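# A look at the structure
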Amino acid sequence: MTAATPLSLAAEASSLLSSLGVAPERLSGGTLAARSPITGETLALLPEHTAEQATSLIADAHTAFRAWRSVPAPQRGELIRLFGEDLRAAKADLGRLVSIEAGKILSEGLGEVQEMIDICDFAVGLSRQLYGLTIATERGEHRMMETWHPLGVTGIISAFNFPVAVWAWNAALALVCGNSIVWKPSEKTPLTALATEALFQRSLDRFIAAGGKAPANLSAVLIGGRALGEALVDNPLVPLVSATGSTVMGRAVGPRVAQRFGRSILELGGNNAAIICPTADLDLTLRGVAFAAMGTAGQRCTTLRRLFVHDSVYDTLVPRLIKAYGSVSIGSPLQPSTLIGPLIDQAAFDAMQSSLAAAKAAGGVIHGGDRTEVAEAPNGYYVRPALVEMPAQTGPVEHETFAPILYVMKYSDFEQVLELHNAVPQGLSSSIFTNDLREAELFLSARGSDCGIANVNIGPSGAEIGGAFGGEKETGGGRESGSDSWKAYMRRATNTINYGRSLPLAQGVKFDI
Ligand code: UN1
């Protein structure tokens, strides 16, 4: 176990924020305490927006949209290209700030900024590929096609665990698609949001200095609590709300947006599983499971939470896993040797302990899961990740606890384990470890995994941006990031053009006056 850094995190955060371009007045004299989970210390007291201010920022963003939608898409892409450059230059500082504010280990903090850079690159290319179809028409001298148009203000609600990358997935796509953006970050990670906003402003300034036409108020960040999220959810000037968080949050957001016929992209809880088959490469499996289950201290929506191990390999794999759980390095995420940083706060720790108590009551055998003291960080919530051998998929195994708990279960029949795999309410990500082609293909087939992400011989977490990201059932059904997710950020128009001199009606209808 490594010691927390003895330096003042507040001082370090303040210097990072200043080099990233955040104005000091955004960081003091307010009511929202930004904390570091590394030590529990307060980093800054941020002034909060009122709901009225949020409404007026949304109106301003709507005005910006009305100008931005007419800027040619490849020019919009140029803004994102510049933003990608600014992110590259600021990667070390922003990545470190992510580690300080969200508690992710340094390589994951940097990885998060890399994910922002990657989606910028993707969006730049996309800005020349926002194309629709030309469709055969049933009428002579007619042409039918579809076009994709900008949609409007895109509301983005993001969670603490990916405080900047998930915003970037939405922001980069929304902006090249011709939308303006209003962001409500998690109250637990406002500093990285302000830093990102400042970097984006830097890119906007460069874009405008080079002759680019970007309106004022193209992007806004709302600092504060739930009322600001509600301001986005209920405002008819926000045709799309993209929200990442708990299923409870999604259940509140989805129907309210639908009520006013707005669209939502929901990326909610996961309860991701892996199936370990008799032919699995166990060395590779061990590493894949360790990263997916313990990485980010179990605080990814894609974290591996359920492990089904075939009884022929159970006694080989599970003791090795238990050993890895017992020896993994826990401590300050700023120490390069650390693999497991802190939980975000005490509430996360309490939720973990209550799930472990429920697992024990349901017959689980718990390895690890206890609080770990880290020097100079008495108010940080560090835990030994927990591996729980469960007799069956019951009780807490059916729910997502946002903490490092891996429930391990034995299976003997492949068809049965597929049923069990899909027998939870969530449907985000999934994996199979096997060298049997039939098992792998069945897992990926229509009667295999019911999740939005299904992998072979890699864990369920750590997706690249090029694919569509999201899941089924209580995970919410939305898709973000790569593939054709951009279509959710635009409106589609079907156009029929008559270039003849007669007016044939569709379906052969006659209406001669
Ligand atoms: C999340 O936890 O909300 O696939 C997103 C992954 C990351 C994104 C996770 N690229 O684990």
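Criteria and cut-off values
- Every chain is numbered on its own, with residues counted from 1 as its sequence reads.
- Where local features are concerned, this predicted model is filtered to residues with pLDDT of at least 70; where side-chain atom pairs are given and counted, the filter is 80 or more; whole-chain, interface and lining totals use all residues.
- UniProt positions are given in the numbering used here, feature names are shortened, and annotations may be inferred rather than shown by experiment.
- Here a strand is any run of E in DSSP of at least two residues, a helix any run of H or I of at least four, and the numbering for each starts at the N terminus.
- To define axes, lines are fitted to C-alpha atoms, for helices over the stretch in contact only, and angles between the resulting N-to-C directions are given on a 0 to 180 degree scale.
- Crossings are classed by handedness, with left-handed meaning an anticlockwise turn of the near helix from the far one by less than a right angle and right-handed meaning a clockwise turn.
- C-beta atoms are placed from the backbone for every residue, and two residues are taken to be in contact when these atoms lie within 7 Å.
- Strands were regarded as paired on the criterion that DSSP finds at least two bridges between them.
- Residues of type Ala, Val, Leu, Ile, Met, Phe, Trp, Tyr and Cys that are buried and joined through C-beta atoms within 7 Å form what is called a nonpolar core.
- Buried means a residue has 20 or more other C-beta atoms within 10 Å of its own C-beta, exposed means 12 or fewer, and partly exposed covers the counts in between; C-beta atoms are placed from the backbone.
- For every domain, the bounds stem from an assignment made automatically or drawn from a database.

Per an unreviewed UniProt entry, the recorded name for the protein is aldehyde dehydrogenase (NAD(+)), and the organism is Insolitispirillum peregrinum. For the protein, the Subunit (unreviewed entry) comment in UniProt is given as "Homotetramer."

UniProt feature "domain: Aldehyde dehydrogenase" (unreviewed entry): in the numbering of this structure it lies at residues 30-492. Between the end C-alpha atoms of residues 30-492 the distance is 43 Å, and the span holds 40% helix and 19% strand.

To continue, consider the packing of helix α1 (residues 9-19) against helix α3 (residues 73-102). Contact geometry for α1 and α3: axes closest at 10 Å, N-to-C directions at 145°. Where α1 crosses over α3, the handedness of that crossing is left-handed. Contact with α1, carried on its side by Leu9, Glu12, Ala13, Leu16 and Ser19, involves Asp93, Arg96, Leu97 and Ile100 of α3 and no other residues of that element.

Taking strand neighbours across the sheet as the criterion, the 3 strands line up as β3-β4-β21 in an open arrangement whose pairing is antiparallel. Both outer strands of the open sheet, β3 (134-135) and β21 (490-498), are each paired with one neighbouring strand and no more. Here strand β4 (residues 142-150) runs beside β21; their pairing, made up of 9 bridges, is antiparallel. Each bridged residue has a counterpart across the sheet, and for His142 the counterpart in β21 is Asn498.

This next bit is on the sheet that holds strand β9 (residues 263-267). With parallel pairing, the 5 strands of this open sheet are ordered in space as β7-β6-β5-β8-β9. The open sheet has two edge strands, β7 (219-221) and β9, and neither has a second partner. Pairwise comparison of adjacent strand axes, ignoring direction, gives a mean angle of 15° for this sheet. Across 5 bridges, the pairing between strand β8 (residues 240-244) and β9 is parallel. Each residue of the ladder has a partner; that of Ala243, found in β9, is Leu266. Helix α5 (residues 165-176) contacts β5 (154-157), β6 (181-184) and β8 of the sheet and is inclined by roughly 175° relative to β5.

For the rest of this paragraph, the subject is the nonpolar core. Core analysis: the biggest nonpolar cluster contains 149 residues, and Ala172 and Leu307 have the highest contact counts within it. Three or more residues apiece are contributed to this core by two domains, here domain 1 (9-268 + 476-494) and domain 2 (272-465). Setting aside anything within four residues of it in sequence, one finds Leu307 in contact with Ala273, Ala274, Ile276, Val289, Leu406, Tyr407 and Val408.

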